[in-house]
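Structural description and commentary
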Amino acid sequence: MSAATMADVVMPMGLPCGRRVPKGDLRWYLLRVPEGREQSVCDLLKRIIPGELLEDAFAPRKERWAKRGGAWGLETVRMYRGYAFAATRDVSGLAKALARTTAAAELVGEFGRSWMPLAPEAQGWLEAAMDGEHVIRNSVGVIQDGVLHVQMGPLVGQEARVSKVDRHKRRCFVRVCDGGAGFAETMPLDVPSKS
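Residues numbered from 1 in each chain as written. Predicted model: local features only at pLDDT ≥ 70, side-chain atom pairs only at ≥ 80, totals over all residues. Heavy atoms only, no water.

Looking at the nonpolar core
Going by this rule: Nine residue types can take part in a nonpolar core, namely buried Ala, Val, Leu, Ile, Met, Phe, Trp, Tyr and Cys, and a core is a set of them joined through side-chain atoms within 4.5 Å. The cut-offs for exposure are 20% and 50% of the maximum accessible area for each residue type, with area from a 1.4 Å probe on protein chains only; residues under the lower value are buried, those over the upper are exposed, and the others partly exposed. Here a strand is any run of E in DSSP of at least two residues, a helix any run of H or I of at least four, and the numbering for each starts at the N terminus. Contact criterion: two residues are considered in contact whenever any of their non-hydrogen atoms come within 4.5 Å of each other.
Core analysis: the largest hydrophobic core is formed by 30 residues, its most contacted members being W28, W125, L126 and I136. Mapped by element, the contributors of at least two residues to this core are β1 (27-32), β5 (83-88), α4 (120-129), β11 (147-152), β13 (171-175) and β14 (184-194). The biggest single contributor to this core is α4, with four residues. For W125, the residues in contact, after removing those within four places along its chain, are I136, L155, Q158, R161, V174, V176 and M187. If you look at the next biggest cluster of nonpolar residues, it comprises 22 residues, including A59, A84, V91 and A97.

Re the sheet that holds strand β4 (residues 71-78)
Basically, it comes down to this: Should DSSP find at least two bridges between two strands, the strands are taken to pair.
With mixed pairing, the three strands of this open sheet are ordered in space as β4-β3-β9. Two strands bound the open sheet, and with one partner strand each, they are β4 and β9 (135-136). The pairing of strand β3 (residues 61-68) with β9 spans two bridges and is parallel. For K62, the partnering residue across the bridge sits in β9 and is I136.

Re α4
Turn by turn, an α-helix covers 3.6 residues, leaving residues three or four places apart pointing in a common direction. Counted only if it meets this: Each C-beta atom gives one direction from the helix axis, and the arc is the one those directions make.
When α4 is considered as a whole, its buried residues turn out to be A122, Q123, W125, L126 and A129. For α4, the buried positions fall inside an angular range of 165° around the axis, keeping them on one side. In α4, the exposed positions angled more than 90 degrees off the buried face are occupied by P120 and A128. Along its buried surface, α4 packs onto β1, β9, β13 and β14.

Some details on the pairing of β1
Every other side chain in a regular strand lies on the same face of the sheet, so the side chains alternate between the two faces. Counting buried positions along β1 yields five of six residues, so the element is predominantly enclosed. Relative to β5, β1 is paired through six bridges, and the arrangement is antiparallel. Looking at β5, one finds that R32 is bridged to Y83. Here two bridges tie β1 to strand β6 (residues 106-107), and the two strands are oriented antiparallel to one another. Opposite L31, over in β6, you have L107 as the bridge partner.

Considerations on the packing of aromatic side chains
Selection criterion: The rule is short: rings of Phe, Tyr and Trp, with Trp giving its six-membered ring, pair when the centres are within 6.5 Å, and they are stacked under 30 degrees, edge-to-face over 60, tilted in between.
All chains considered together, the criterion is met by four aromatic pairs. Summarising the aromatic geometry, the rings of W28 and F85 are spaced 5.5 Å apart at their centres and angled 40° between planes, so their arrangement reads as tilted. On the criterion of sequence distance, the pair formed by W28 in strand β1 and F85 in strand β5 is long-range, its members being 57 residues apart. Of the residues examined, W28 reaches a relative accessible area of 5% and is grouped as buried.

Thoughts on the environment of V147
Within the secondary structure, V147 sits in strand β11. Judged by its relative accessible area of 42%, V147 falls in the partly exposed class. Note: C-alpha distance between V147 and K194 (47 residues apart in sequence) is 9.3 Å.

This is the structure:
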């Protein structure tokens, strides 16, 4: 498949597609699921689909700062409402298994007769940023002489990827992938001091 035709395949939320991969490589594929039932559908799929076809299914979440009753606090929210990820080494087998279930989940990113996985760079970055519960936790940093220094959290060492910091809303915008398949993600970041 040429790069020009692959560029035509777009996942929801601007997530970058990777290339088709041979059976055997563990890749993440996007699932469309009913909004509000993301994790319950994932739990059902993990129970009814054999482990050799579905190694994991999850709805990624992230912490977000919110002001409630005049006080700031962290809450956990879904990253992609109405979507989840399926980790598999055999997407064709997974597609057939999904077609035989009554679970409300369908693979997204079909191109011809194949499904496009999440781009490897995006998958690797998300794997590194999430904890064991598939949650991206808050990071804490300081700005000294106009330079961000992240001291704690998944953004430690990722300062070069941060394109914008919004100290008031305690968030930042992170470039997850570069180039044509690039996309940015909003991440929680508390920067209590700036000098």
